[in-house]
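Understanding the architecture of this molecule
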Amino acid sequence: MLDKLQALVDRYDKLSELLCDPDVASDSKKLRDYSKEQSDLQPSYEAYTEYKRVVADLEAAKEMQGEKLDDEMREMVKMEIDELSTRRNELEEMIRVLLLPKDPNDEKNVIVEIRGAAGGDEAALFAADLYRMYSRYADTQGWKVELMDVNESDLGGFKEVIFMINGRGAYSKMKYESGAHRVQRIPATESGGRIHTSTSTVAVLPEVEAVDIIISDKDIRVDTFCSSGAGGQSVNTTKSAVRVTHVPTGIVATCQDGKSQNSNKEKALQVLRSRIYDVMRQEEEAKYAGERKSKVGTGDRSERIRTYNFPQSRVTDHRIGLTMHKLDQIMNGDIQEIVSALTIAEQTDLIDEKGV
C-alpha cells in the first residue's frame, strides 16, 4: 500500500516541477491536464504526508517511553501515543479508500430518467415526488437542474421525466439511485383509506461527450412533432419537439421542453449518447458479473432498492439494510446520509474484493 502511495507522491512532485516549466505554462492544454492530474492526486499526497509525520512522531514518542520520566510526563507521553495511534489507523483506512480504483464517470454530470411503473396515477405522482426530492438535493450540493423532457399524467404526476444535473461529482453521488423505488401510502384518490403500494423506476446515466460516443448522421433518424403538455403558447402550434432514433440499436430519445427545435435536438442527442453508452457499459459489466462481489450495485433498473413507507415515516434501503424514520426530510431532498452510507458500503466491498 505504501509503495503505491510513494509512486503517487513522486508523480505529484514531478507535476509540481512540470507546472513551473515555462514551456508547460505556455501550452494551455498541458497546463490544464497537468493541473487536473495534480488536483486529483492531492488528497492522496496530503494523506501520505500526514501519515509519514504521524508515524515518525509515534516512533519518537515510543522511544521517550523507554527513558526515565516522572509520572506526569509518562502520562502525557502515553496520551500522545494513544492519540497518534488512533490517527495512524484513521489515515491507513483513508489511504485504503484513496487507493481504490476510481470510477471514470464519478466527476461527470448526470442525466436522470424517472418513470412511473406499477401503480398507474399513484406511480406517476410518486415519480414527481422523486423528481422534487432530487432537485432539492441538487440545490444542497450547489448543482444545477435542467429539465429535458416530461410526460405529465392527468393528475399532475409524471409518467416520465428526464432531466440533467450539472455539477462536479454529480455521478459519484447520484449513481446509487438507479433502480426501482417503492412507495407505500394512501393515495389522494383512495376514498377508503387503504394503503397502496406503487413503484417508480430511476435510471442515472453519466453525461457522455460527443467525442466519447460518436454518432454518425447516417445512423440517426430525426422526427419533429408538436409539443404536448405544459409549455406556453408554442405548445401544439410549432413542431419544436424532436425525436431522435439511433437506427443501428433502435434506441430512441425525445425532447420537447424547449421552444427551439435545434435546442431540443441537441438535448435529445445528449440523452441518446448517454443511453447508448449505458447499454455498452451494461454489456461490458455483464461479462464480469459473476466475478464482482459488490452488493450495492448501480446498474440494474429492475432491482428494488428502496421503500418509502408514509404511514410509518420510514425509508429503507434494501441493499445495505439501512432504515431511517425521517421520511419528510428525505422527500425534501435530505438524502446525503443515505448516499454516504451507500458510498461507504461500496468502498468496503471494494476493499475486500481488491485486497487493498
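Residues numbered from 1 in each chain as written. Predicted model: local features only at pLDDT ≥ 70, side-chain atom pairs only at ≥ 80, totals over all residues. Heavy atoms only, no water.

With glycine set apart, most residues show a phi of negative sign, and most peptide bonds adopt trans. In this model, S313 sits at a positive phi of 50 degrees, which is unusual for a non-glycine residue. Mapped onto the secondary structure, S313 falls in the loop between β9 (304-309) and β10 (314-317). Under the relative-accessibility criterion, S313 is labelled partly exposed at 26%. (Helix = DSSP H or I, 4+ residues; strand = E, 2+ residues; numbered from the N terminus. Buried < 20%, exposed > 50% of the residue type's maximum accessible area, 1.4 Å probe, protein only.)

With that out of the way, let us pick up the UniProt feature "coiled-coil region" (unreviewed entry) in the protein. Using the residue numbers shown here, the UniProt feature "coiled-coil region" (unreviewed entry) corresponds to residues 55-94. Annotated as residues 55-94, this span is 88% helix and 0% strand, and its ends, taken at the C-alpha atoms, are 15 Å apart. (UniProt positions renumbered as here; feature names shortened; annotations may be inferred.)

An order of β2-β3-β1-β5-β4-β9-β10-β11 is seen for the 8 strands of this open sheet, with the pairing classed as mixed. The open sheet has two edge strands with one neighbour each: β2 (144-152) and β11 (322-324). Along the sheet, successive strands turn relative to each other by an average axial angle of 15 degrees, direction set aside. In this sheet, β10 lies alongside β9 in antiparallel orientation, the contact comprising 4 bridges. Paired with R306 across the two strands is D317, which belongs to β10. Across the sheet, helix α5 (residues 121-141) is in contact with β1 (110-116), β2, β3 (158-166), β4 (179-185), β5 (196-206) and β9; its angle to β4 comes to roughly 110 degrees. (Pairing = 2+ DSSP bridges. Axes fitted to C-alpha atoms, helices over the stretch in contact; angles between N-to-C directions. Contact = heavy atoms within 4.5 Å.)

The next point concerns the pairing of β2. Relative to β3, β2 is paired through 8 bridges, and the arrangement is antiparallel. Its bridge partner lying in β3, V150 is registered against V161. In textbook terms, the turn of a hairpin is the stretch between consecutive antiparallel strands, and for β2 and β3 this stretch comprises 5 residues, one of which, G156, has a positive phi near 95 degrees.

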